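As a plain string of letters, each chain reads:
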Amino acid sequence: MEPKLVKKLLIFGTLNVAAFMFSQTAVSDTLSKKDKVIDEVVITGNSNPKSSVKTSLSISTLKQAEIINAAPRTTAEIFRTIPGIRAESSGGEGNSNITVRGVPVSAGGSRYLLIQEDGLPIMQFGDIAFGTQDQFTRFDSFVSRVEALRGGSASVFASNSPAGIINFITKTGEKAGGSITQQVGLNYKNFRTDIDYGTPLGKDFYIGIGGFYRGGDGPRKTGYTSNNGGQFRLSLLKKFEKGSVRIYGKYLDDRTAPYMPMPIAVSGSDSNPDYTSLSNYNILTGALQSSNFRNDLTFGGNGQILKSDIRDGMHSVSKAVGMEFNYDFGAGWKLDAKARYAANDGQFLAPFPASVGSKSEILDTVPGYGSAVYAGTNTAVDNNAKYMKTVLFNTKLNNLNNFFSDVNISKKWDKIKLNAGVYNSSQNINLSWNWNTYLMEVSDKNARLVDVISNTGTKITDNGLLHYGVPEWGGLNRNYDTKYSVIAPHAQVEINPTEKLTLDFGARYDFGNVSGSFSGVKNTTRTIDINQNGTIETPELAVGVVDGTVPVDYKYGIFGYSVGANYAFDTHNAVFARVSQGGSASADRILFAGYNYTNSNDPALDAVKVNKLNQIEVGYKLRGSKYFLNTTLFQARTIEANYEATTQLRTENKYQSFGVEFDGFYKVNKNFDVRAGLTYTHAEIKNAIDNTIIGNMPRRTPKFMYSVNPNVNIEKLSFGFFAVGSTKAYTQDSNKLIMPGYVIVNPYISYKLMKNLTVNVNANNVFNALAITEAEEGTLQGTNGIVRARTLTGRTFGASVKFDF
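Here is what the cut-offs are and how they apply
Residues numbered from 1 in each chain as written. Predicted model: local features only at pLDDT ≥ 70, side-chain atom pairs only at ≥ 80, totals over all residues. Heavy atoms only, no water. Pairing = 2+ DSSP bridges. Helix = DSSP H or I, 4+ residues; strand = E, 2+ residues; numbered from the N terminus. Axes fitted to C-alpha atoms, helices over the stretch in contact; angles between N-to-C directions. Phe/Tyr/Trp six-rings, centres within 6.5 Å; stacked < 30°, edge-to-face > 60°. Lys NZ or Arg CZ within 6 Å of the ring centre and 35° of its normal. Salt bridge = Lys/Arg side-chain N within 4 Å of Asp/Glu carboxyl O. Buried < 20%, exposed > 50% of the residue type's maximum accessible area, 1.4 Å probe, protein only.

(A) Looking closely at the sheet that holds strand β16 (residues 273–276). Strand order across the open sheet formed by four strands is β16-β15-β45-β44, with antiparallel pairing between neighbours. Whereas interior strands pair on both sides, the edge strands pair on one side only; in this sheet they are β16 and β44 (772–775). In this sheet, adjacent strand axes meet at a mean angle of 50 degrees when their direction is disregarded. Looking at chain direction, β44 and strand β45 (residues 786–791) are connected through three bridges and run antiparallel. Looking across to β45, one finds that I772 is bridged to T791.

(B) Local environment of the packing of aromatic side chains. In this structure the tally under the stated criterion is 30 aromatic pairs. Three or more aromatic residues link up through ring pairs in this structure, and these residues are F130, F348, F352, F393, W433, W435, W473, Y480, F518, F592, Y595 and Y597. A cation sits over an aromatic face here: R192 above F212, 3.9 Å from the ring centre. Directly above the ring of Y259 sits R220, whose terminal nitrogen or CZ lies 5.6 Å from the centroid.

(C) Structural view of the pattern of salt bridges. As enumerated under the stated definition, the model contains 38 salt bridges in all. Put simply, E93 and R214 hold a salt bridge, and the shortest N to O gap is 3.4 Å. Here R214 lies in strand β12 (residues 205–216) and E93 lies in the loop between β4 (85–88) and β5 (97–100), a separation of 121 residues in the sequence. Judged by relative accessible area, R214 falls into the buried class, the value being 5%. For the salt bridge of E661 with R101, the shortest nitrogen-to-oxygen distance reads 2.9 Å. In this pair, E661 sits in strand β36 (residues 649–669) while R101 sits in the loop between β5 and β6 (113–117), placing the two residues 560 residues apart along the sequence. Taken as a pair, E661 and R101 share a single burial class, namely buried. Beyond isolated ion pairs, a larger network of salt bridges with shared partners links E93, R138, R214 and D254.

Here it is in structure tokens:
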């Protein structure tokens, strides 16, 4: 272990020993048994809801007011303030990369962490390419709170989510009344209305409704109204003497702009790079979308001509209905059942810069080049401008329907509680990739498409379109039609040998079955009149088509367990430890990678169909009437396989990470409080197909992540800020090019004009910090001084008025 790291951990340990000693003095001197401590009852990842100080879990709760003050512009930005969670929220309202405590993000999405609504997942897999779970998740005023569990019992209480669970807990209507909130962007176009209302319909019968609708351009300049849509929720709850039944529904139909890596100039060296915006493209406010780039024609996976409106962006549609039932049989026996069906579909349309450079590097290299003009004109292109070969990620989300159910029976004795249940799920992954290649200028002011003309006057492109398909990447016209079914029995035992000691043991086994097929492996081309004008243009001579079908029929198993112990010295102090094992099944990410997908016993397939995660946690919890502090030492070991479409690389890696996580709160007085979090992670690639990266830090993994939220309350006035930061990290596993550290500061101020009327003004990234979350290039060597990177958006101001009734 590194000497510097040992020193840091010793310092951290000393601080917590001091905190423990202080707490013992403070308790005996100033607190009585009747004094209240800051603690909350948690339900996520826990078969027996109880105060957090009595659980061997690392869990955080975000209330609605805290989320609003943090000024998130997307759902994924909510998670940035949670200690231990790395949310790369630079992709817009979806397609975000989310992970926990040094567990890697080897491709995209969130393979090891699932987002839930009311205890059931949004999607069975968090890393479906172009169908990630946050695309179908929206925060609105109908959400009462968000609970975030890191590590621990997640491997027992959820499938494919061993690193953690983020649970959106919605309102039931039991609390009478509601609110209307009107939000508006002050320096960007955003108009959004949230509403929620709850009321009793009769004795022990309640209804809750809520949702939002919005429109606007979003925080980046796309050249058109890119955010348009909303969500509606309904809840019906009936309580009776020994239980309750709840039926709820959700309808989501929302269009938002997806943000891919964008061109940015880089000078200096790999270890000391200087990132700056290009002269015609502001990396903090620009977008690859353009009003001049609205329509796309391609040959669909089923042989049809597919017409797409690029302005639809990430179009997410979800129609869900769920049920919850619980019943107390008496004598300690209880039944708890949940089920939900969701019909999910939509489309993902996003421009991606395959290559960026000067006119000579991009346009002049097109075979047959003679001259170039801006599409639709005879105007010659600017020889000094920058240009892109752009791949349009046009993916139809044909069917991402899913069904989840979890039925649990529990029995409670004097000092023992037993819970046994069966989880059942079915997830469809039916997608069509219909990608085309375009030429366009680099500009954040409605970039123009470019046409290339041969020396004989023949147009090589058609209104900027260079290829129907992506021949440079091997075609990539694809169809997925697969179904993933899981039956997972699970059981948990909680024992209280003494009043202060709590032991819990849990186990889960996922019986997974995968069936269906995928096609597009041959990547053949045909001559097709795509625009149906009776003439074959140059791009129509070689249209990429879906050809070659591979059947899929295999099984997998995942054994997960979690063993924890919590010793509460009193209501103020507790120590805990936990050992866990779990896994996440590989879904569409390993298709097209050349395995035998119809033989469950094939060693090559067996090595990649399940990704394994082992974790150890040791922690200390301190509680007082004005403060709390959670400290957790952790270690995680990950074995996984992946396949990345844009690089055509197959990976099989082993990772290891360890570190420490702090989560604390202190109420200085009635007018001032502060909350903070800090996570230190040391991560390493222990084994890989590419021997040159063994021993390196996994890409995009910072050593430190932190957040702080000082808050002032003076009668009707409240103000403060959220500061979220990260230290430097490497863009790729090669550990050459560095992404600098950053701090994002989000200030807010709110004032109660009346008892039920509140005005809030907030800012996101008020200092316009350049926060790079990922980059395609791993080194500056061999580049032209331009890399493709995703950054958090620049400074935005927003205001809201909330009326409670």
